[in-house]
Amino acid sequence: VVWSTKPQDTAKQRLIVRNFRVLVLQRTFELSCKGAGKMSVSPEDDLELEKTGDDDEELTESDSEEEEDTDDEDEDAEDEDLGALTENQRRLLYIIACYTKPSLADQDKSEWIRRNALIVLIYEAIVGGDPDNRKPPVLEYDYAPSSQLIEGRRVWVNVPHEGNSDVDYLCEEGLVQVLKMASDLHSSITAYQVTDKGQQLVDRLSKIDKGPVNELVYAPGTKNLMMVTWQMDEEVTDGTGGTFHLVDQTAPGGYEYQSSITETEDVSYVSSAYIPLCLRQGGRPTLSNAHRAHESAAGESQVKDVLDEVITLNSVSIIVSEFMPYGANNMVTTNDNLGSQQRVQGGLFTPSVETDKVATKLFIKPGMTKVDILDYSLSNHVNFEAEINEPEEGGIVQIEQFGISLNASGACFYGMQIEAVQDRIRDGISLDQLSRVLVDVQSDSSVVVDTIVTKHQLDLEKLIFRDDEENRTKVKLIVANEIVPHLLAEEYMDKGEYENELRQVIGDTKTAFDISEHDVLIFGEEGLMLVGPNSRHHEPLLCSYLEVMNIDIFTRQFYARLFFEVDFVRSMKGRVFNADSDPDTV
């Protein structure tokens, strides 16, 4: 007899055992009667045995039905959990399950997937994997460029915020667990692992969900997982000096391709300089490029994905801010570099550095910035317009002009009024498009201000940001006269499509407030958004808030750099003390 341990077979086995006991009792009774001279069993006894067997059979069948009902309820509960997940969430759970494994014994190491690697895999699932052999999309998400910290440097990455939201949902449902770990760069690392509950759902997934994922995560024709690796180019410091690769590491020279996740997409737009009135101290008003808004519609767009527009803004102004070591003497030098006191103020500026100081001619590459002074005080502040004349590729049209306000307190503001993005003139600006514009504002503002500040300030920036000063963190303020759709503040924090849209421009959302019947203020990790007809009235308070936030960011970066140096000195101390044991130590 082959004895089964499956739950569904237990009831049948119990029935067999009880019937066997009845037969044994009946046979024993017959033998005892034979020894006493009696050859048969009385009809009453036979009937009693049959009734006993029938009762046992009814009991076992009832128990069997109860156990089967319990099993069916468990299966229905699992099917219900599986049905509650969307197709994207099921496939995302399977991707995490492919790369993670809990420890089965005390000595075994559990396997987790890093957050950055998961973001790369989600992005590749959106675009279809290998650029030379694109497949149908595995996941249906939008993505937007965001500055991420990778190996101690800031890099622009196309982050799928909807995918991150679904990962958070899987964690809330107990299907995925999160690990937080400190790194030697004094930053935290986030990793994920599928739970036992999540693995049970993964085992029940159909081939419809597993098939496309398998084509993405496994090397073609093998069962070797594609591992995500990072390759940094130290010579490029504009936020694009590194690439992610997906590699089959099981054998040398295995299958490999480069991810396009670090390739930010440009859009055509027209902007005008914008400086809040609270920062102005006289002078002429900023000029408007509204008459050139139609030129944006004639330009091309590099966006490959079909964008799902959930939120749009009308009459949008962008203010990007940062803290820079400044003082009265530095401000005097800055005004001198700008020619604020000269008869012809401003002029053209370039980030190029001339080495031949006595040559007759200068040869400058395209990409100069035109500066016009608005107002200044010699040792306190300067406000000016900056027009970027950077050549663009692929038919992109960008009329980029923003206002810059530098103060002796260290507060630096870079403002821009959006006149048009692609075919949207002033109104109906989607947050997907706005996120692409913010990349240019953050990058180009660093280039402009670095050409006019003192060398001592640049050296301090390089020291604090570890030679990554071009990609230093800035805080964003987005002000709009109207948001569509207009909802209560708590309705934007829905952990769904509205919140995912907001994350594209202000980072992970924290909280939101209704500051009036028509005005909403939303706080994010990378900035804040104020929308409503009365939003401009709150700019003085918000600019002060931005200044405090920037000082906090700079202070954190200072101490992170200090701790890094302490660790370096500690390691060098150990090498010096161990020099006698190994001559090659120092």
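For the structure itself, consult the block above.
Keep in mind it's a predicted model, so treat the numbers as computed, not measured.

Thresholds applied
Residues numbered from 1 in each chain as written. Predicted model: local features only at pLDDT ≥ 70, side-chain atom pairs only at ≥ 80, totals over all residues. Heavy atoms only, no water. Helix = DSSP H or I, 4+ residues; strand = E, 2+ residues; numbered from the N terminus. Buried < 20%, exposed > 50% of the residue type's maximum accessible area, 1.4 Å probe, protein only. Areas by Shrake-Rupley, 256 points an atom, 1.4 Å probe, with all protein chains shown as cover. Axes fitted to C-alpha atoms, helices over the stretch in contact; angles between N-to-C directions. Contact = heavy atoms within 4.5 Å. Nonpolar A, V, L, I, M, F, W, Y, C, P; charged D, E, K, R; others polar. Salt bridge = Lys/Arg side-chain N within 4 Å of Asp/Glu carboxyl O. Patch = residues over 30% accessible without salt bridge, like charges linked within 9 Å, V, L, I, M, F, W, Y side chains within 5 Å. Parallel < 35°, antiparallel > 145°, perpendicular 65-115°, else oblique. Left-handed = near helix turned anticlockwise from the far one by under 90°. Pairing = 2+ DSSP bridges. Phe/Tyr/Trp six-rings, centres within 6.5 Å; stacked < 30°, edge-to-face > 60°. Polar contact = N/O pair within 3.5 Å; in protein donor to acceptor, adjacent residues only side chain to side chain.

### Comments concerning the overall build of the protein chain
1) Next: When its secondary structure is counted, the protein chain shows 13 helices and 21 strands.
2) Next: The proportion of buried residues among the 586 residues of the protein chain is 45%.
3) Next: For the protein chain, the computed accessible surface area is about 30,800 Å², with 52% contributed by carbon and sulfur atoms.

### Here's the deal with the packing of helix α10 (residues 455-464) against helix α13 (residues 539-577)
For any two helices packed against each other, one specifies the inter-axial angle together with the distance between the axes.
1) Next: Close contact between α10 and α13 brings their axes to 9 Å; oriented N to C, the two are set at 65°. Across the interface between the two elements, E461, L463 and I464 from α10 touch F554, Q557, F558 and R561 from α13.
2) Next: Of the residues contributing to the contact of α10 with α13, the split by class is four nonpolar, one polar and two charged.

### Some details on the pattern of salt bridges
1) Next: A complete count under the given rule lists 24 salt bridges for this structure.
2) Next: The partner of D567 in a salt bridge is R570, and the shortest N-O contact between them spans 3.0 Å. One end of the pair is D567 and the other is R570, both in helix α13 and three residues apart, which spans about a single turn.
3) Next: D567 sits in the partly exposed class, given a relative accessible area of 28%.
4) Next: Each of E87, R90, R91 and D209 takes part in a single network of salt bridges with overlapping partners.

### Brief notes about a nonpolar patch on the surface
1) Next: Together, F558, Y559, L562, F563 and V566 give the surface a local cluster of nonpolar side chains, amounting to about 440 Å² of exposed area.
2) Next: By secondary structure assignment, the location of V566 is in helix α13.
3) Next: For V566, a relative accessible area of 38% puts it in the partly exposed group.

### Considerations on the packing of helix α5 (residues 161-172) against helix α12 (residues 497-506)
1) Next: Axis separation between α5 and α12 bottoms out at 9 Å; the angle between their running directions is 125°. As summarised for this structure, α5 and α12 are arranged oblique, according to the angle between their axes. Our pair here, α5 against α12, has a crossing hand that is right-handed. Between α5 and α12, the residues in contact are H161, E162, N164, S165 and D168 and N500, R503 and Q504, respectively.
2) Next: For the contact of α5 with α12, a count of residues per class yields no nonpolar, five polar and three charged.

### Considering the pairing of strand β2 (residues 144-150)
1) Next: When you tally the buried positions in β2, you get six out of seven residues, the bulk of the element.
2) Next: As defined by bridge partners, β2 adjoins strand β3 (residues 153-159) across seven bridges and the pair is classed as antiparallel. Across the sheet, residue I150 finds its bridge partner in β3, namely R153.
3) Next: Adjacent in sequence and paired antiparallel, β2 and β3 are bridged by two residues, among which E151 carries a positive phi angle near 50°.

### Regarding the packing of aromatic side chains
1) Next: Under the defined criterion, the tally for this structure stands at ten aromatic pairs.
2) Next: Ring plane angle 65° and centroid distance 5.1 Å describe the contact between F323 and F554, whose orientation is recorded as edge-to-face. A residue pair is termed long-range when its members are at least 10 positions apart, and F323 in strand β10 (residues 312-323) and F554 in helix α13 qualify at 231 residues.
3) Next: Ring centres of Y559 and F563 lie 6.2 Å apart, and the angle between their planes is 40°; on these two criteria the pair is classed as tilted.

### Digging into the sheet that holds strand β4 (residues 176-182)
1) Next: If you trace the three strands from one edge of the open sheet to the other, you get β1-β5-β4, paired in antiparallel fashion. Each edge of the open sheet carries a strand with a single partner, namely β1 (113-114) and β4.
2) Next: With two bridges joining them, β1 and strand β5 (residues 188-194) adopt antiparallel strand pairing. Note on β5: the bridge partner recorded for R114 is A191.

### Quick notes on α12
1) Next: Within α12, nine of the ten residues are buried, which leaves it mostly tucked inside the rest of the structure.
2) Next: Turning to α12, its buried residues are Y498, E499, N500, E501, L502, R503, Q504, V505 and I506.
3) Next: Backbone geometry just after α12 places G507 at a positive phi near 75°.

### Remarks on unusual backbone geometry
1) Next: Residue P485 is bonded to the preceding V484 through a cis peptide linkage, with omega at 0°.
2) Next: Within the element layout of this structure, P485 appears in the loop between β18 (475-484) and α11 (489-492).
3) Next: Despite not being glycine, R466 shows a phi value in the positive range, around 55°.
4) Next: The class of R466 is partly exposed, set by a relative accessible area of 30%.
5) Next: Even without being glycine, D467 reaches a positive phi, approximately 60°.
6) Next: Relative to the helices and strands, D467 is located in the loop between α10 and β18.

### Quick notes on the sheet that holds strand β6 (residues 226-232)
Within a sheet, each strand pairs with its neighbour through backbone hydrogen bonds, oriented either parallel or antiparallel.
1) Next: With antiparallel pairing, the three strands of this open sheet are ordered in space as β6-β7-β8. Edge positions in the sheet fall to β6 and β8 (256-258), since each of these pairs with one other strand and no more. Each strand of the sheet is rotated relative to its neighbour by a mean of 25°, with strand direction disregarded.

### Quick word on the environment of E111
1) Next: Mapped onto the fold, E111 is located in the loop between α3 (87-99) and β1.
2) Next: A sequence separation of 82 residues divides E111 from Q193, and the C-alpha atoms of the two residues are 7.3 Å apart.

### With respect to the side chain of T334
1) Next: Note on placement: T334 falls in helix α8 (residues 328-338).
2) Next: There is a polar contact of 2.9 Å between the side chain of T334 and the side chain of Y326.
3) Next: Those residues within four positions of T334 in sequence are excluded, and the remaining contacts are Y326, V382, L406, I452, V453 and Q457.

### Some remarks on the pairing of β18
A regular strand carries its side chains on alternate faces of the sheet.
1) Next: Burial analysis of β18 places seven of its ten residues in the buried class, which makes it a mostly covered element.
2) Next: By the bridge criterion, nine bridges tie β10 to β18 in an arrangement that is antiparallel. Paired with S321 across the two strands is V475, which belongs to β18.
3) Next: Of the pairings in the sheet, the one linking β18 to strand β21 (residues 527-531) comprises five bridges and is parallel in character. Residue pairing in the sheet places V479 in a bridge with L530 of β21.

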